[in-house]
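# Analysis of the macromolecular model
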Amino acid sequence: MTKLIALLPGDGIGQEIVPQGRKVLEVVASRLGLELEFEEGLIGGAAIDAAGTPLPEATLDLCRRSTAILLGAVGGPKWDNLPVHLRPEAGALLPLRKQLGLYANLRPAFLFAPLAKASPLKPELIEGLDLLAVRELTGGLYFGEKKTFRREDGQETAIDTLVYTEGEIERIVRLAFELARKRRRKVTSVDKANVLESSRLWRRVAERVAQDYPDVTLEHMYVDNCAMQLVRWPKQFDVIVTENMFGDILTDQASVLAGSIGMLPSASLGGEVALYEPSHGSAPDIAGQDKANPLATILSVALMLKFSLDCEEGAKAIEQAVAEVLAEGYRTADLWEEGAKLVGCRAMGDLVAEKVAAILG
Ligand SMILES: NC(=O)c1ccc[n+]([C@@H]2O[C@H](COP(=O)([O-])OP(=O)(O)OC[C@H]3O[C@@H](n4cnc5c(N)ncnc54)[C@H](O)[C@@H]3O)[C@@H](O)[C@H]2O)c1
Ligand SMILES: CC(C)[C@H](C(=O)O)[C@@H](O)C(=O)O
Ligand SMILES: [Mg+2]
């Protein structure tokens, strides 16, 4: 049966990287006999400009009809002065995640061996890095009550609220344990339980869930320590599970260990449709210049094959293709090192697509 893939390029480099992801997916599909159909939708600033709203009904409808979604990025300076809820980020990306029930955001930080020199850490600290961040995606500070008002003393005041229910915590922590079982059997639950009530609840729930997984080690770590440990000794981590905003910040940091933010893919799961997107943003500083690294998007396609299209073989072929292209010395500018062969976004997409074709025969 033909499966529908929604393509939402969005803004900035989103327009350049999504076509590379599609190209690679089409090669996998043609070699392995997957029947896929693609339909493009508007989101973010592009949707504001074309349709007057960051998340048009037609886009939501397309997403709901799809098996999986490949998203580029949203946002950019052009829309920065809009009220928060009308902006591409809080007006489109967050409601899309929420409405599709995508509470689990998986962000694997994996160092491809040829990129050891692109990492800021010494080779012995970084070689073999393979950690998985499991970020809660539809709760916490992003989704609690917010308001701005003038206090009695005349001070302009703003409030954001960090709310979690035990059910929201339990489902994400449970997923982290399930994933750890297929890996190195260690879960680090990251919180700020020395200060926050929501973190104290998070810790209690994590302890409770851990009882169902006696074969997996649970450790708790404060988020500030985690930020430090990530650059001190990242290989101590297997699966990190944490609340929405902590996960947002820690994963940008972890991406650099793997060479660049342009290397960090993501899968957002939990609903009937899953969403795949690179962890980075629309990179307005390099947009439209064919400089963006498309590998986070291409590796997100590998996650799509694994989690939504039941095609482990295609996912593995993409990962192998990326490894081989990097081993041959090709680099986008963010990964540049002496002696490398500099390529643009489209050329990197072509190289991976050709390699996938060769691997799958
Ligand atoms: N999921 C999303 O759609 C998403 C994620 C993060 C930020 N944003 C939005 O993107 C806009 C820009 O945000 P920002 O500048 O803070 O973060 P960003 O991730 O877009 O860029 C940060 C830095 O990383 C570089 N970079 C990012 N992706 C790259 C890639 N694939 N290849 C090479 N270099 C890359 C950029 O050039 C920039 O120097 C903002 O509007 C922000 O809200 C959207
Ligand atoms: C754009 C923003 C709302 C988004 C987030 O914080 O979730 C982004 O930073 C991400 O990491 O996907
Ligand atoms: Mg982020």
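Residues numbered from 1 in each chain as written. Chains lettered and ligands numbered in written order. Predicted model: local features only at pLDDT ≥ 70, side-chain atom pairs only at ≥ 80, totals over all residues.

Heads up, the rule is: UniProt positions are given in the numbering used here, feature names are shortened, and annotations may be inferred rather than shown by experiment.
Per an unreviewed UniProt entry, the chain goes by the name 3-isopropylmalate dehydrogenase and belongs to Carboxydocella sporoproducens DSM 16521. Check the Catalytic activity (unreviewed entry) section of the UniProt entry for the chain; it says "(2R,3S)-3-isopropylmalate + NAD(+) = 4-methyl-2-oxopentanoate + CO2 + NADH". Turning to the chain, the UniProt annotation filed under Function (unreviewed entry) states: "Catalyzes the oxidation of 3-carboxy-2-hydroxy-4-methylpentanoate (3-isopropylmalate) to 3-carboxy-4-methyl-2-oxopentanoate. The product decarboxylates to 4-methyl-2 oxopentanoate."

### Observations regarding the overall build of the chain
Quick reminder of the rule: By the criteria applied, helices consist of DSSP H or I runs no shorter than four residues and strands consist of E runs no shorter than two, each listed in order from the N terminus. For the radius of gyration, the atoms used are the C-alpha atoms, and the globule rule reads 2.2 Å times the number of residues raised to 0.38. Residues with at least 20 other C-beta atoms within 10 Å of their own are called buried, those with 12 or fewer are called exposed, and the rest are partly exposed. The C-beta atoms themselves are positioned from the backbone.
Looking only at helices and strands, one finds twelve helices and 14 strands in the chain. Over its C-alpha trace the chain gives a radius of gyration of 20 Å, about what one expects of a compact globule, namely 21 Å for 361 residues. With the principal axes as the frame, the chain shows a C-alpha extent of 65 × 50 × 45 Å. Per-residue burial for the chain yields a buried fraction of 50% across its 361 residues.

### Overview of the domain arrangement of the chain
The cut-off we apply is this: For the domains described, the bounds stem from an automatic or database domain assignment. A pair of residues counts as a contact when their C-beta atoms, built from backbone coordinates, are within 7 Å of each other.
The domain architecture assigned to the chain consists of domain 1 (1-111 + 262-361) and domain 2 (130-257). Distance between the C-alpha centres of domain 1 and domain 2: 25 Å. Taken residue by residue, the interface counts 17 residues in domain 1 and 20 residues in domain 2. Contributing elements (two or more residues each) for the side of domain 1 that touches domain 2: α4 (88-99) and β4 (104-110).

### Focus: the site of ligand 2
We count it as follows: We call a residue near a molecule or strand when the C-beta position, derived from backbone atoms, sits within 6 Å of it. Under the grouping applied here, Gly and all other residues not named as nonpolar or charged are polar, the nonpolar ones being Ala, Val, Leu, Ile, Met, Phe, Trp, Tyr, Cys and Pro and the charged ones Asp, Glu, Lys and Arg.
As a structural note, the neighbourhood of ligand 2 is formed by Gly75, Glu89, Leu93, Leu94, Asp248, Ser279 and Gly281. When residues in the shell around ligand 2 are grouped by element, the largest group, three residues, is from α4. When grouped by side-chain class, the residues that make up the shell around ligand 2 number two nonpolar, three polar and two charged.

### Details of unusual backbone geometry
Positive phi outside glycine occurs at Asp290, with the angle close to 60°. Topologically, Asp290 is positioned in the loop between β12 (274-276) and α10 (295-307). Classification of Asp290 as partly exposed rests on a count of 16 C-beta atoms within 10 Å. Unlike most non-glycine residues, Asp310 shows phi in positive territory, near 50°. Mapped onto the elements of the fold, Asp310 is located in the loop between α10 and α11 (312-327).

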